[in-house]
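So you can see what is in the structure, the chains are spelled out below.
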Amino acid sequence: DAPAYLEMIGAEFASHGDQATADVRVETAAHPATTGLPNPWRVHDELYEFFASPRPSSTILLSLDRHPADGHPGAGESGDSPLAWFRAFGTGRVFYTALGHRDDVWTSATFRQHLRGAIEWASQGP
């Protein structure tokens, strides 16, 4: 809850429900962290909700188009449901993903592809 950290990340965690299976939507396919990912990408994980969407200051890479528990559109406290995004911040780059709470997510080739692309992007510098 440190203000400087929240400003850098671009969003603040609000809550999460039980782990759920959801179809993750690739919003920005032309980014190293999302290039080649299935769209939709079905994943079973702990899915975060945020107080406010990072959308005004970030480019959303992955999101949900509905709440996994009730199927209603506009999941999350903010009425938006981003799961991964990127942005410039100061003289650097910020990448955030809310996925990766389960061992089977970490061992999946799709998640590793997502992280590998994010690391490649972040290592390119500002």
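Quick look at the structure, then. (Residues numbered from 1 in each chain as written. Predicted model: local features only at pLDDT ≥ 70, side-chain atom pairs only at ≥ 80, totals over all residues. Heavy atoms only, no water.)

In this section: the sheet that holds strand E5 (residues 59–64). Strand pairing in a sheet is mediated by backbone hydrogen bonds. Such pairs are either parallel or antiparallel. The antiparallel open sheet is built from five strands, whose spatial order is E3-E2-E5-E6-E7. The sheet is open, and its two edges are formed by strand E3 (41–45) and strand E7 (92–97), each paired on a single side. Averaged over all neighbouring strand pairs, the angle between strand axes comes to 20 degrees, with direction disregarded. One ladder, built from four bridges, connects E5 with strand E6 (residues 82–89); its direction is antiparallel. Looking across to E6, one finds that Ser63 is bridged to Pro82. Relative to the sheet, helix H3 (residues 109–122) contacts E3, E5, E6 and E7, its axis offset from that of E7 by approximately 170 degrees. (Pairing = 2+ DSSP bridges. Helix = DSSP H or I, 4+ residues; strand = E, 2+ residues; numbered from the N terminus. Axes fitted to C-alpha atoms, helices over the stretch in contact; angles between N-to-C directions. Contact = heavy atoms within 4.5 Å.)

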